[in-house]
Amino acid sequence: MNTELATKYNNLQALLKEMGSVAVSFSGGVDSTLVLKVAHDVLGEHAVAFTVESDFVPEREIEGARAFCAQEGVEHVVEAFPILEVAHVKKNPHDRCYYCKYAIFKHLKAEAWHRGIAYVVDGTNRDDDSDYRPGRAALRELRIMSPLHQCGMDKADIRALSKDLGIAGWDRPSAACLASRIPYGEHLSHAKLARVNHAEAFLMEKGFRMLRVRAEGAEGKTARIELMPEDMDRFFTPAMRRATDEAFRLLGFTHVSLDLRGYRMGSMNEGLHLSHEERHG
């Protein structure tokens, strides 16, 4: 571990220890896994993992979160949350993430308060500054703490430290909620989100790692697949194209396409005309 990363790690441990007790918003992704691991190392039973189960989160991620907590001996609270009953979320405006984060983290704060836990923390990091993140305004309003961001950690730091700490899955691809696959302004539904979830699971089973399936067009039935450029040749084999088309049509997609620009974070934000304040929360 280099000196700069060691300093950030020490600062992270000190910050979490100073908090005394934390409820970690735990998705099972690389970022929140590191927060939970270090919090549990320094706080023991005073670090509790909270995972929200909703239409926005694939079941495979919930199961991964359960497995990690069981392995590490972390108390794990999993609660179903009816996110599509939040009107501003279901309508899917460009600031949907604000309403989603506000609803979920308000609930988590109440749960933490009932348990006598001092802080709710999440896995936001410095790389999140580079994309449109309206949910961060909700985090600030609710006074949610983001220890990785406070300690100056970006994604490269998080992966490097996770590897050094022996955390399995340190090189796992970044995940994002399933709602990010639906264009803004298109109402969200269980059917649309489930279709995307199963489509991505199919491609993962075929060995593709970093990918997104965007559901566009009428009723979200046009699939636009984003893959890493180095994976496109394999996708274009006749057998792979045929299997994908058949699988996606069985899921209810009527058209299936491959985005030639490949996977990129926040592609649904392209074309949004936002002020600096809106873009950076």
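Our subject in this report is the structure included herewith. Values in this document were obtained by computation on a predicted structure and should not be read as measured data. (Residues numbered from 1 in each chain as written. Predicted model: local features only at pLDDT ≥ 70, side-chain atom pairs only at ≥ 80, totals over all residues. Heavy atoms only, no water.)

**Remarks on the sheet that holds strand β3 (residues 75–80)**
Across the sheet, which stays open at both edges, the 4 strands sit in the order β3-β2-β1-β4 with parallel pairing between neighbours. What marks the edges here is a single partner per strand, and that holds for β3 and β4 (119–121). Looking at each pair of strands side by side, their axes are set apart by 25° on average, direction ignored. (Pairing = 2+ DSSP bridges. Helix = DSSP H or I, 4+ residues; strand = E, 2+ residues; numbered from the N terminus. Axes fitted to C-alpha atoms, helices over the stretch in contact; angles between N-to-C directions.)

**With respect to the sheet that holds strand β5 (residues 211–216)**
Strands pair in a sheet through their backbones, by hydrogen bonds, and they do so in one of two ways: parallel or antiparallel. Reading across the sheet, the 3 strands line up as β5-β6-β7 and stay open at both edges, with mixed pairing between neighbours. Either end of the sheet is taken by a strand with one partner, and the two such strands are β5 and β7 (255–258). Direction aside, neighbouring strands of the sheet carry axes that sit 20° apart on average. One ladder, built from 4 bridges, connects strand β6 (residues 222–227) with β7; its direction is parallel. Each residue of the ladder has a partner; that of Arg224, found in β7, is Ser257. Sitting on the sheet, helix α9 (residues 190–205) touches β5 and β6, and the angle it makes with β5 is about 150°. (Contact = heavy atoms within 4.5 Å.)

**Digging into the nonpolar core**
One finds Phe56, Leu203, Val213 and Phe248 to be the most contacted residues of the largest nonpolar core, which totals 44 residues. Going through the elements one at a time, β2 (47–53), α5 (96–114), α9, β5, β6, α10 (232–235) and α11 (238–251) are the ones with two or more residues in this core. The greatest single-element share of this core, amounting to 6 residues, is contributed by α5. Apart from the residues within four sequence positions on either side, Val213 is in contact with Arg181, Val196, Ala199, Glu200, Leu203, Ala223, Arg224, Ile225, Phe248 and Phe253. Ranked by size, the runner-up nonpolar core spans 29 residues in total, among them Leu36, Val74, Val121 and Ile158. (Core = buried A, V, L, I, M, F, W, Y, C linked by side-chain atoms within 4.5 Å. Buried < 20%, exposed > 50% of the residue type's maximum accessible area, 1.4 Å probe, protein only.)

**Examining the layout of surface pockets**
Taken as a whole, the second largest pocket encloses approximately 150 Å³ of empty space. Lining the second largest pocket are Thr124, Arg136, Leu139, Arg140, Ile144, Ser146, His149 and Gln150. When residues of the lining of the second largest pocket are traced back to their parent elements, those giving at least two are α6 (135–141) and α7 (147–150). Here the element with the most residues in the lining of the second largest pocket is α6; it accounts for 3 residues. Residue classes in the lining of the second largest pocket are distributed as 2 nonpolar, 4 polar and 2 charged. (1 Å grid on protein atoms, 1.4 Å probe; cavity = no way out; pocket = protein on both sides within 12 Å on 5 of 7 lines; lining within 4 Å. Points joined across faces, edges and corners; volume = space filled by probe spheres on them. Nonpolar A, V, L, I, M, F, W, Y, C, P; charged D, E, K, R; others polar.)

**A closer look at the side chain of Asp259**
Inspection of the secondary structure assignment puts Asp259 in the loop between β7 and α12 (276–279). Among the residues examined, Asp259 registers a relative accessible area of 10% and is labelled buried. Once residues lying within four places of it in the same chain are set aside, the contact partners of Asp259 are Arg224, Ile225, Glu226, Met232 and Arg264.

**Side note on the environment of Asn197**
Within the element layout of this structure, Asn197 appears in helix α9. Taking C-alpha positions, Asn197 is 9.6 Å from Arg181, a pair spaced 16 residues apart along the chain. With sequence-adjacent residues up to four places away left out, Asn197 is seen in contact with Pro58, Arg60 and Leu178.

**Examining the state of the cysteines**
In the structure shown here, the tally under the stated rule is 0 disulfides. With no disulfide of its own, Cys97 lies 6.2 Å from the sulfur of Cys100, the closest cysteine sulfur. Just so you know, Cys100 is unpaired, no disulfide at all, and the nearest cysteine sulfur is the one on Cys177, 6.0 Å from it. By relative accessible area, which is 10% here, Cys100 ends up buried. (Disulfide = S-S within 2.5 Å.)

All quantities given are derived from atomic positions and should not be read as evidence of function.
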